[in-house]
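Commentary on secondary and tertiary structure
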Amino acid sequence: MRALWLVLLAIVMAGAEAAAQATPPVREISKIAGEIYRFRNNNHYSVFAVTPDGIIATDPINADAATWLKAELKSRFDKPVKYLIYSHDHADHSSGGHVFADTAIVVAHAKAKAAILGEKRPTAVPQVTFTERMTIVLGGTELELTHVGRNHSDNSIVMRFPKERLLFAVDFIPVNAVAFRDFPDAYVPDWIESLRRVEAMDFDILAPGHGPLGRKEHVNQFREYLEDLRQAVLSLAREGKSLDEMKQTIKLPKYEGWAGYQQMFQLNIEGMYRLVQANRRGN
Ligand SMILES: [Zn+2]
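The structure contained in this document is the topic of the report that follows. (Residues numbered from 1 in each chain as written. Predicted model: local features only at pLDDT ≥ 70, side-chain atom pairs only at ≥ 80, totals over all residues. Heavy atoms only, no water.)

1. Re the coordination of the zinc ion
Protein ligation of the zinc ion involves His88 (NE2), His90 (ND1), His152 (NE2) and Asp171 (OD), the donor distances falling in the range 2.1 to 2.2 Å. Here the zinc ion binds 4 donor atoms, and the angle range of 87 to 178 degrees at the metal identifies the geometry as irregular. Taken in sequence order, the residues that donate to the zinc ion follow the motif H-x1-H-x61-H-x18-D. With histidine 90 in the loop between β5 (81-85) and α3 (91-94) and histidine 152 in the loop between β9 (141-146) and β10 (158-161), this residue pair connects regions lying 62 residues apart in the sequence. (Donors = N, O, S within 2.8 Å, 3.2 Å for Na, K, Ca; no water. Tetrahedral: all angles 85-135°; square planar, octahedral: opposite > 155°, others 65-115°. Helix = DSSP H or I, 4+ residues; strand = E, 2+ residues; numbered from the N terminus.)

Laid out in structure tokens, this is it:
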């Protein structure tokens, strides 16, 4: 019986592997504004700018995706990638940078470099780092890199193209979507503050690392979501309620229509509870 079960399990697993191999990744390049394009690899997105003097690329996502992108850039534009900029250190966005390292200067926040080295991320180590702000100019295109504080990591930066009025921000400003899972690697009070800093910046189009493009008002909406969730969890924590009770009680109907509300909202409560409890002391 046990042998039969193992044989059946092996067949099911082989089938799942074959199905995974048979589904090719969804990869696309689409124009956003001016010469700024969006690169998609399944659910992950980055942006790149094509200038007369070469290309400014951002998150490579992974080695296969970056290899595909490099070939597309060659055939469509025939220009080398001169700069490669990581939004933050997390492997699902920063991997594969070595694909562009033959022509590109790799740039990231100083703490992203430290995490990339420490976690041995499968990517090129940044050659140029900064802590607060840096401007890159290539072929008439200006790109402003700013660390707006800690949020979804301690090294996330925003990338603003002033001429195109576009901002690329990854994992900390979801557009009409709740936060990812239970807030891994997150700093919530700083996150709220960093969203206020982004709200004070001058741009129209918000290009996130996941999901559809947004606009500036989505920054404000997501900040309000974090504040509403934090307040709900903090109030119940002060009433001595348990996490289970909070998961039964807390509903934020204003955000019910957002992506991930059904799948992730309970995890968002769990994560916020963990973070709130880490920074309060009851009586
Ligand atoms: Zn991330």
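Continuing now.
2. A look at the pattern of salt bridges
Between side chains of opposite charge, a pair can form as their charged atoms come close. What the rule picks out here adds up to 19 salt bridges. The salt bridge partner of aspartate 102 is lysine 70, with a shortest N-O separation of 2.9 Å. A residue pair is termed long-range when its members are at least 10 positions apart, and aspartate 102 in the loop between α3 and β6 (105-109) and lysine 70 in helix α2 (residues 63-77) qualify at 32 residues. The class for aspartate 102 is exposed, based on a relative accessible area of 57%. (Salt bridge = Lys/Arg side-chain N within 4 Å of Asp/Glu carboxyl O. Buried < 20%, exposed > 50% of the residue type's maximum accessible area, 1.4 Å probe, protein only.)

3. Some words on helix α4 (residues 110-118)
The set of residues buried in α4 consists of Ala112, Ala115 and Ile116. On an axial view of α4, the arc spanned by its buried residues comes to 100 degrees, and they lie on one face. If you follow the buried residues of α4, they end up packed against β6. Directly beyond the C-terminal end of α4, a positive phi value near 55 degrees is found at lysine 120. (Arc of directions from axis to C-beta. Contact = heavy atoms within 4.5 Å.)

4. Concerning the packing of helix α5 (residues 188-199) against helix α6 (residues 217-238)
Where α5 contacts α6, the axes come no closer than 9 Å and their chain directions differ by 155 degrees. By the angle between their directions, the pair α5 and α6 is classed as roughly antiparallel. Between α5 and α6 lies a crossing of left-handed hand. In this structure, α5 contributes Val188, Pro189, Trp191, Ile192, Leu195, Arg196, Val198 and Glu199 to the contact, and α6 contributes Val219, Asn220, Phe222, Arg223, Leu226, Glu227 and Arg230. Looking at the contact of α5 with α6 residue by residue, the classes come out as 9 nonpolar, 1 polar and 5 charged. (Axes fitted to C-alpha atoms, helices over the stretch in contact; angles between N-to-C directions. Parallel < 35°, antiparallel > 145°, perpendicular 65-115°, else oblique. Left-handed = near helix turned anticlockwise from the far one by under 90°. Nonpolar A, V, L, I, M, F, W, Y, C, P; charged D, E, K, R; others polar.)

5. Details of the pairing of strand β2 (residues 36-41)
Taken residue by residue, a regular strand's side chains alternate between the two faces of the sheet. Of all 6 residues making up β2, 5 are buried, and the element is well covered by its neighbours. Across 6 bridges, strand β1 (residues 27-33) lies against β2 in antiparallel orientation. Within β2, the position partnered with isoleucine 29 by the bridge is phenylalanine 39. Hairpin connection of β1 to β2: 2 residues between the antiparallel strands, including glycine 34 at a positive phi of 55 degrees. With 6 bridges connecting them, β2 and strand β3 (residues 44-51) associate as antiparallel partners. Within β3, the position partnered with arginine 38 by the bridge is valine 47. Hairpin remark: β2 followed by β3, antiparallel, with 2 residues in the connecting loop; positive phi at asparagine 42, about 55 degrees. (Pairing = 2+ DSSP bridges.)

6. Topic: the packing of aromatic side chains
Ring pairs (aromatic) are described by centroid distance and by the angle formed between their planes. Tallied over the entire structure, the rule returns 11 aromatic pairs. Measuring from ring centre to ring centre gives 6.1 Å for phenylalanine 48 and phenylalanine 77, while their planes differ by 70 degrees; the resulting arrangement is edge-to-face. Here phenylalanine 77 lies in helix α2 and phenylalanine 48 lies in strand β3, a separation of 29 residues in the sequence. With respect to burial, phenylalanine 48 and phenylalanine 77 carry one shared label: buried. For the pair tyrosine 255 and tryptophan 258, a centre-to-centre distance of 4.7 Å together with 65 degrees between the ring planes defines the contact as edge-to-face. (Phe/Tyr/Trp six-rings, centres within 6.5 Å; stacked < 30°, edge-to-face > 60°.)

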